[in-house]
Amino acid sequence: MSQAPDRMRVRVDHPAHHPHSEQSIDGVALLTLDRPEALNALDYQTMTELVEALERLDADGSCRCVVVTGAGEKAFAAGADIKQMAAATPVSLTVANDFARWERIRRIRVPIIAAVRGFALGGGCELAMACDMIIAADDAVFGQPEIRLGIIPGAGGTQRLTRAMGKARAMELILTGRNLPAREAEAHGLVTRVVAREQVVSEALGLAAEVAARPPLAVRAAKEAVNRAFELSLEAGLEFERRNFYLLFASADQKEGMAAFVAKRPPEWKGR
């Protein structure tokens, strides 16, 4: 008898209104990592579903911002599935090329907001950092504990944590494997803001609604330019920014935005 396939591990919702008000959140999608029994550990199936869901939403012109969160009360995502990784070899890791999924997340054009409750450790911390903004609950805990397993972060932890917090703090966290409480993460620039745990998804959806209400071409161009600041020299980054600035003057949204400003009326964005 064939075994039934595993249930879907990433839920995709399109809430029409803010959970605690009638504020419209059109253009916002909520992705939920749905393995609470495993603290939403990022096994191969979960990562595949997550990346594929993000790519579908990115190709959907009606989606303008995405919120990613974890199911349950204990974790955003408590890292990779160690049981799956324990028997890996350099050859098996190279052939599987599972880290290519993380590169696909980096290429998503719509902004992504992580809503983090509880643990965001290892791959969970790397996933949060791969997002564009992080709304953290006051009980959130970040960390890269891979050193305790005899390995190092492999999905961007050494790079993104260093860019977010600086060499000295990143070095201490990665070499010791210690956990980073939400308030300390906020103080060092890792997260956007810290809120009460019962408000974290609501706060993230509210922020996503603000982003989704902005002109989508300009939002995507701004996201791309900010990300390039970590990859290019200042001179090259300024040139990239200026080129995107010029290009937006060919858009209908630029004409609409400036006409609306002069006429003192709300703009109507078309995304073109």
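Predicted model, so just to flag it, every value in this text is computed and none were measured.

Asker: What am I meant to see in unusual backbone geometry here?
Answerer: When glycine is set aside, most residues are seen to have a negative phi, and most peptide bonds are trans. The phi dihedral of N40 is positive, around 55°, even though this residue is not glycine. Positionally, N40 belongs in the loop between β2 (28-33) and α1 (44-59). By relative accessible area, N40 is classed as buried at 1%. Backbone geometry places K264, a non-glycine residue, at a positive phi of 60°. Of note, K264 is situated in the segment after α12 (252-263).

Asker: Explanation requested: the nonpolar core in the structure shown.
Answerer: One finds L31, L50, F76, V116, F142 and L190 to be the most contacted residues of the largest nonpolar core, which totals 46 residues. Ranked by residues supplied to this core, first place goes to α1 with 6 residues. Counting residues in each nonpolar core, the second largest holds 20 residues, with A137, A204, A208 and V219 among its members.

Asker: Sorry, what's going on with the packing of aromatic side chains here?
Answerer: Aromatic rings in a pair are described by how distant their centres are and how their planes are angled relative to each other. The full count for this structure, using the stated rule, is 2 aromatic pairs. Taken together, F245, Y246 and F249 form an aromatic cluster joined through their ring pairs.

Asker: Any chance you could explain the sheet that holds strand β6 (residues 119-121) here in plain terms?
Answerer: Working definition: the strands of a sheet are paired by backbone hydrogen bonds and lie parallel or antiparallel to each other. Within the open sheet, the 4 strands sit side by side as β4-β6-β8-β9. Their pairing is mixed. Both edges of this open sheet fall to β4 (75-77) and β9 (180-181), since each of them pairs with a single strand only. Pairing analysis gives 2 bridges linking β4 to β6, with the strands arranged parallel. Within β6, the position partnered with A75 by the bridge is F119. Its contacts with the sheet put helix α5 (residues 123-130) on β4, β6 and β8 (141-143), and the angle it makes with β6 is roughly 90°.

Asker: Before we go on, may I ask you to explain a nonpolar patch on the surface in this structure?
Answerer: Residues Y44, I82, M85, L149 and I151 make up a contiguous nonpolar surface patch of roughly 420 Å² in combined accessible area. By the secondary structure assignment, I82 is in helix α2 (residues 82-85).

Asker: When you look at the side chain of R9 in this model, what are you seeing that I'm missing?
Answerer: Inspection of the secondary structure assignment puts R9 in the segment before β1 (10-13). Setting aside its immediate chain neighbours within four residues, R9 contacts T32, L33, D34, R35, D43, Q45, T46 and E49.

Asker: Could you clarify how one ought to interpret the state of the cysteines in this entry?
Answerer: Where two cysteines share a covalent bond between their sulfur atoms, that bond is called a disulfide. Scanning all chains against the criterion turns up 0 disulfides. With no disulfide partner, C65 has as its closest neighbouring cysteine sulfur the one in C63, 7.5 Å distant. Judged by its relative accessible area of 0%, C65 is buried. Among the cysteines around C131, which has no disulfide bond, C65 carries the closest sulfur, lying 10.0 Å off.

Asker: Looking at this model, I keep getting lost on the sheet that holds β2. Mind explaining?
Answerer: Spatial ordering of the open sheet is given by β1-β2-β3-β5-β7-β10, a layout of 6 strands whose pairing is mixed. Each edge of the open sheet carries a strand with a single partner, namely β1 and β10 (193-195). Strand-to-strand, the axes of this sheet are offset by a mean angle of 20°, without reference to chain direction. Here strand β5 (residues 112-116) pairs with strand β7 (residues 133-137) via 4 bridges, running parallel. When the bridges of β7 are listed, I113 appears paired with M133. Here helix α9 (residues 200-212) sits on the sheet in contact with β2, β3 (65-70), β5, β7 and β10, set at roughly 155° to β7.

Asker: Explain the environment of D98 here, please?
Answerer: Mapping D98 onto the fold places it in the loop between α3 (90-96) and α4 (100-106). Sequence spacing of D98 and Y44 is 54 residues, and the spatial spacing of their C-alpha atoms is 7.6 Å. Each residue touching D98, except ones within four places of it in the same chain, is listed here: Y44 and L93.

Asker: Just to check I follow, could you spell out the pattern of salt bridges for this structure?
Answerer: Pairing between side chains of opposite charge can happen when their charged atoms approach one another. Under the defined criterion, the tally for this structure stands at 19 salt bridges. Notably, a salt bridge pairs R9 with D43, separated by 1.9 Å at the nearest N-O pair. Taken as a pair, R9 in the segment before β1 and D43 in the loop between β2 and α1 lie far apart in primary sequence, 34 residues in all. In this structure, the salt-bridge partner of D132 is K223, at a minimum N-O distance of 2.9 Å. Taken as a pair, D132 in the loop between α5 and β7 and K223 in helix α10 (residues 216-228) lie far apart in primary sequence, 91 residues in all. Using a relative accessible area of 12% as the deciding quantity, one classes K223 as buried.

Asker: Where do I start with α10 in this structure?
Answerer: A turn of α-helix holds 3.6 residues, and therefore any two residues three or four places apart point the same way. For α10, which comprises 13 residues, the first-to-last C-alpha distance of 18 Å matches the rise-based estimate of 18 Å (1.5 Å per residue) to within 8%. For α10, the complete set of buried residues consists of P216, V219, A221 and K223. Among the structural elements, β5, α9, α11 (234-247) and α12 are those in contact with the buried residues of α10.

Scoring rules and cut-offs
Residues numbered from 1 in each chain as written. Predicted model: local features only at pLDDT ≥ 70, side-chain atom pairs only at ≥ 80, totals over all residues. Heavy atoms only, no water. Helix = DSSP H or I, 4+ residues; strand = E, 2+ residues; numbered from the N terminus. Buried < 20%, exposed > 50% of the residue type's maximum accessible area, 1.4 Å probe, protein only. Core = buried A, V, L, I, M, F, W, Y, C linked by side-chain atoms within 4.5 Å. Phe/Tyr/Trp six-rings, centres within 6.5 Å; stacked < 30°, edge-to-face > 60°. Pairing = 2+ DSSP bridges. Contact = heavy atoms within 4.5 Å. Axes fitted to C-alpha atoms, helices over the stretch in contact; angles between N-to-C directions. Patch = residues over 30% accessible without salt bridge, like charges linked within 9 Å, V, L, I, M, F, W, Y side chains within 5 Å. Areas by Shrake-Rupley, 256 points an atom, 1.4 Å probe, with all protein chains shown as cover. Salt bridge = Lys/Arg side-chain N within 4 Å of Asp/Glu carboxyl O. Disulfide = S-S within 2.5 Å. Expected span 1.5 Å × (residues − 1).

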